There are 2 protein chains.
Amino acid sequence: MLTGDTTMELTDRQREVLRAIIQDYILSAEPVGSRSVARKYGFRMSPATIRNIMADLADLGYLVQPHTSAGRVPTDLGYRFYVDSLIERPSLTRAEESRIEKRFRPVWGKGEDLMREVTKLLSGLSRSVGVVLAPRVDQVAIKRIEFVHLSAERILVILITKSGQVDHRVVTLDEVISQDELNKTAKLLNSLVEGMPLSRVREFLVEKMAEEKAMYDALLRRALEVGHKSFVGPTEGEVYIDGTTNMMRQPEFADIEKMRLIFVAFEEKSKLVKILDQCLAQEGLTTIIGSENILREWQRLSLVTAPYWCGDDLLGTLGVIGPTRMEYGKIIPLVDFTAKLFSQYLTEEAS
Amino acid sequence: MLTGDTTMELTDRQREVLRAIIQDYILSAEPVGSRSVARKYGFRMSPATIRNIMADLADLGYLVQPHTSAGRVPTDLGYRFYVDSLIERPSLTRAEESRIEKRFRPVWGKGEDLMREVTKLLSGLSRSVGVVLAPRVDQVAIKRIEFVHLSAERILVILITKSGQVDHRVVTLDEVISQDELNKTAKLLNSLVEGMPLSRVREFLVEKMAEEKAMYDALLRRALEVGHKSFVGPTEGEVYIDGTTNMMRQPEFADIEKMRLIFVAFEEKSKLVKILDQCLAQEGLTTIIGSENILREWQRLSLVTAPYWCGDDLLGTLGVIGPTRMEYGKIIPLVDFTAKLFSQYLTEEAS
DNA sequence: ACTTAGCACTCTCATCCTAAGAGTGCTAAC
DNA sequence: GTTAGCACTCTTAGGATGAGAGTGCTAAGT
């Protein structure tokens, strides 16, 4: 996966030809021949010369032939090199940016739908699959906790984060508690944990409970217990996905069984969460190309992701999934810009 | 679509043959010939006799031939007649029911995930697409309203229904209100509207505002205004869907473009909501077969749905979507039973 | 009058063949 | 180092063919 060495080994001409081939293939989805490279890209070389270069590039592992005497197709390594060193248009034009902003603006302030709309935006503009990994409720500072009495022993716990997310869960308690008592409990608990992320709250409650072994204060004791009960168990990352049907347009997925396996993986969100979590750890724009993906079903797909923030808090990841033959030149800046825009919005919101 | 008349015109033998053909086709997905009907179903008739009967059934519109001299395939009318008058096994066996109950049980009490899990259950057991139309927040009695201060003029409105659903939205107010004032406002509003469905609340607030034109009570005035602002705008029905990939296994969707159109409709949930809303109006188990569907993209699909309740309140619909060639004999009782089980659970919960 | 055997006929589908086309690698000349 | 020329390979589209499945009709049987 390290290509830093080989970079030096390529001559300018080789790089030009490789770029031409990859760009052509991205658009046509068909093996590229020496003839069309010579013609379309106006090199001052004959097809024969280009054939020699292509043979070299194939030896280096950047290209393959689907069968003897067909045109060349980029390998995953080829795409990787393209993305790392050859790509053109590393950023959007001002016009494109304002077009995205315009589409983004009306979505603002729509609460929960926000994530869904950003996902749609990504899939729409990329004509691929858009994904957004929503902020883990554990990681974001809590603004408020509410308890609502449901039945004798069951209460509804509502969590509101500083970023405006709302999460809720039903908890069964051992004892019967009235709504009035619940309110008091909530008030106390709020004063204790406000501003902490949930992950911290869990530790905090355990510490506090140990500390206050004597438990003179009945209210405090109950607050700690109820809080503890409410917040155990991991919160799973939620992921939004849209535009999966765009994938069906791609000629590489004419085989319906291949298609099905990919869609099964889309449906099983937990796998997607796992991969996006990995991207989150990278703390920057990440590209996963084809076989670099740990998920076998997706080794014909590529992923471009970027994290988004609320102030200094890393919240989640958003990105685009498409065939390895995706338009990296357009999609990378799109994802990058969208993540920045989204971060900016969230940061402004929270203030 | 009315088949009541023609029912009488069919002889017992014709009915038997039609049933055999449809059942065979449901399993094989291939045109059924006279020969195999005679063989597999052990009628004491020769293929020639059956051919005559099949010709009659084709004349009546229950069967068609994909091409001259191929076997017969049921029409939508044929399926309709099958479902209305021929179907075997109108209910599940005790063993099957307890198997469903067993799968259903561990899901209980998981709050929001409940809907998602029921959807999975439906798709898993039917090996088709499961759908659940979640209760409209408008229609269900409200248990509690909360306001949380987000930024200067923006507040988060949280609605909790008696059935334990939680809905939230962000509202921008004209004036700055502190959290403390918000709490008072919420308390007042709760006392006014508790137990009403949201649809009623909207009317109520308008009435009340008109009534109290003088508006002596500043707190009441503000409560009404904030409430009004919070609850305008229709709440859209949410729909859960799972198992879409099962559709890709069906031989009738080998054509990827047909497939794509169906999936686009899955992705656009609003259309699905529209159809399920229609089913809801029927107040009983509903089957929509092929061309009976108003959605053109889905005219090769069938839908089996049943409403679910919380006590006497009609909450939503759940069901299964599959190819017209679906196993109605299994899926109808499955949907029916699942809806009853779900209703029973929700009713017990609410008490 | 209903049933059935027999038969000619139709239509699909898989298989095979062929020719065209695109592209390569190699060699030899520039 | 570059390029024209050429033989070779491999895919693909377009017929042609024959087997197989199934029908509808007719005439004989019950």
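It should be emphasised that the depicted structure is a prediction, and the values quoted were computed from it without experimental measurement.

## Description of the overall build of chain A
Check the secondary structure of chain A and you find 13 helices and ten strands. The C-alpha radius of gyration of chain A comes to 26 Å, more than 25% above the 20 Å expected for a compact globule of 351 residues. For chain A, the C-alpha atoms occupy an extent of roughly 90 × 40 × 35 Å along the three principal directions. A burial count over chain A gives 51% of its 351 residues as buried. Contacts in chain A between residues at least 24 apart in sequence constitute 61% of all its contacts with a sequence separation of at least 6. Total accessible area computed for chain A in this model is approximately 16400 Å², and 50% of it derives from carbon and sulfur atoms.

## Describing the relation of the copies chain A and chain B
Under the fitted operation, chain A is carried onto chain B by 0.0 Å of movement along the axis and a turn of 180°, and the coordinates agree to an RMSD of 0.1 Å. In symmetry terms, the pair is related by a two-fold rotation axis. Measuring from the rotation axis to each C-alpha of chain A, the shortest distance belongs to Ile256(A), at 3.6 Å. Of the interface residues in chain A, 98% have counterparts in chain B that sit at the interface too, so the contact is made through matching surfaces.

## Regarding the protein's contact with DNA strand D
Inspection of the region around DNA strand D gives 20 residues, with Arg13(A), Thr49(A), His67(A), Ser69(A) and Ser34(B) positioned closest. Of what DNA strand D places within 4 Å of the protein, 76% of the atoms are sugar or phosphate. The contact in question runs from a base nitrogen of DNA strand D to an N or O atom on the side chain of Arg51(B), over 3.1 Å. When residues in the surface near DNA strand D are grouped by element, the largest group, four residues, is from helix α4 (residues 47-59) of chain A. Of the residues in the surface near DNA strand D, the class split is four nonpolar, eleven polar and five charged.

Definitions and limits used
Residues numbered from 1 in each chain as written. Chains lettered and ligands numbered in written order. Predicted model: local features only at pLDDT ≥ 70, side-chain atom pairs only at ≥ 80, totals over all residues. Heavy atoms only, no water. Helix = DSSP H or I, 4+ residues; strand = E, 2+ residues; numbered from the N terminus. Rg over C-alpha atoms; globule rule 2.2 N^0.38 Å. Buried < 20%, exposed > 50% of the residue type's maximum accessible area, 1.4 Å probe, protein only. Contact = heavy atoms within 4.5 Å. Areas by Shrake-Rupley, 256 points an atom, 1.4 Å probe, with all protein chains shown as cover. Least-squares fit on C-alpha atoms with pLDDT ≥ 70 in both. Near = heavy atom within 4 Å. Polar contact = N/O pair within 3.5 Å; in protein donor to acceptor, adjacent residues only side chain to side chain. Nonpolar A, V, L, I, M, F, W, Y, C, P; charged D, E, K, R; others polar.

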